[in-house]
Amino acid sequence: QLLPLGVAGAAFGVFGVWWLSRRRMTLRSELTSAVRRGEFSMQYQPIIELDTGICVGAESLVRWSRPDGTSVRPDLFIPVAEETGLINALTDHVIDQVIQDMRELLVRDRSAHIAINLSAGDVGSGRALKVLSAKLQGTGIHPQQIWLEATERGFIDIQGARTSLAAARRAGHCVAIDDFGVGYSSLQYLQTLPLDALKIDKSFIEAIGTHSATSPVTSHIIDMAKTLGLFTVAEGVETSAQLAYLQARQVEFGQGWLFSKPLPAEEFIRYHEQRLKQYGKAKENMQNPN
Ligand code: C2E
Ligand code: MG
Ligand code: MG
Ligand code: MG
């Protein structure tokens, strides 16, 4: 009686695999022409200093809009770009675009920074760092104003990762480990990496105040960052209850829909300035109490 079901299931499975691989192949060829035609743009999600409310910078996030007006999510096309080697051209494009969009702001406000996401290949080869250093020459942007985010997925070869992260820090960049907690990170292994910051993955922020099994882990992650002397950035802050928890635990920075969704360059610049007007006083008062 179960046999027909099994056969149907298998057929469905085979069809699913075929469909997925076809989709990937289409995506692959589409990506190639998208890079050529420059269908990518950047958005900027504000990063907030949690104790003052000031916007200290943004994370740059790539967006792909097809000519027909539809868009593809980066979690779908970045892995394909990595597999096909198109990631090099894409990362170069991201660096160019960030410099073009943010140069004026970064030169005007030396305390502002922009974070760039690096892919597996980017970290391993150290190529992206060389490209970035060359492109920053003569722009007036300080390397300290460009932060680099790398996920552990990028650390296929741990020794290679260590070498290129160390080179990035020597060049003056701040280095953050992205999506922290979802990989295989152990304290022992983290200790050996040259890092400045941990970005706590949004799944752990979501768990705050819930009764899920993940909830106590969030607290441990914060402790871990403090033990290692790293500062922390919380990703995906959506509620004021989450914010209150993070402030109480002295997490330094946060980003998420509670503050703002990722914004086009112009809108981010306006947001940054408006926030400085609104919360800059609080910061001054904290620095010179009385
Ligand atoms: P990520 O670096 O961890 O980026 C954070 C993601 O969380 C972004 O998704 C952002 O839009 C989303 N997010 C921010 N706040 C909230 C919130 O409050 N709630 C929820 N539900 N989501 C929030 P996005 O832009 O779709 O990017 C996905 C991933 O794609 C990134 O994760 C990053 O790994 C990769 N990516 C994005 N841009 C680039 C890029 O320029 N280069 C590379 N190599 N990877 C990129
Ligand atoms: Mg990131
Ligand atoms: Mg992340
Ligand atoms: Mg993430």
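From a predicted model like this one, the values you see are computed outputs, not experimental measurements.

Parameters and conventions
Residues numbered from 1 in each chain as written. Chains lettered and ligands numbered in written order. Predicted model: local features only at pLDDT ≥ 70, side-chain atom pairs only at ≥ 80, totals over all residues. Heavy atoms only, no water. Donors = N, O, S within 2.8 Å, 3.2 Å for Na, K, Ca; no water. Near = heavy atom within 4 Å. Polar contact = N/O pair within 3.5 Å; in protein donor to acceptor, adjacent residues only side chain to side chain. Areas by Shrake-Rupley, 256 points an atom, 1.4 Å probe, with all protein chains shown as cover. Helix = DSSP H or I, 4+ residues; strand = E, 2+ residues; numbered from the N terminus. Core = buried A, V, L, I, M, F, W, Y, C linked by side-chain atoms within 4.5 Å. Buried < 20%, exposed > 50% of the residue type's maximum accessible area, 1.4 Å probe, protein only. Contact = heavy atoms within 4.5 Å.

A. Local environment of the coordination of the magnesium ion (ligand 3). Distances from the magnesium ion (ligand 3) to its protein donors, D178 (OD), D179 (OD), E235 (OE) and E235 (OE), fall within 1.7 to 2.7 Å. If you list the donors of the magnesium ion (ligand 3) from N- to C-terminus, the spacing comes out as D-D-x55-E.

B. Structural detail: the site of ligand 1. Taken together, 24 residues form the shell around ligand 1, and within it R63, S119, D178, E238 and W257 come nearest. Within the backbone of V62, an N or O atom sits 3.1 Å from a nitrogen atom of ligand 1. With respect to ligand 1, the side chain of K202 contributes an N or O atom lying 3.0 Å from an oxygen atom. Here ligand 1, which alone exposes 800 Å², has 86% of that area covered by the protein. Listing elements by their share of the shell around ligand 1, those giving two or more residues are β1 (40-49), β2 (55-65), α2 (74-84), β4 (113-118) and β6 (174-180). Looking at which element gives the most residues to the shell around ligand 1, the answer is β2, with four residues.

C. Up close: the nonpolar core. If you look at the biggest cluster of nonpolar residues, it comprises 70 residues, and the most contacted ones within it are Y44, M102, I116 and F268. In terms of residue count, helix α3 (residues 87-108) provides more of this core than any other element does, nine residues in total. The residues contacting I116, other than those within four sequence positions of it, are S60, V94, I95, V98, L132, I146, W147, L148 and E149. Residues A115, A197, F231 and V233 belong to the second largest nonpolar core, which totals 11 residues.

D. Expanded view of the side chain of E39. Following the sequence through the fold, E39 ends up in the loop between α1 (3-37) and β1. With a relative accessible area of 11%, E39 lands in the buried category. Polar side-chain contacts of E39 include one of 2.7 Å to the side chain of R37. Non-local contacts of E39, meaning those with residues more than four positions away in its chain, are made with A34, R63, W64, S65, R66 and P67.

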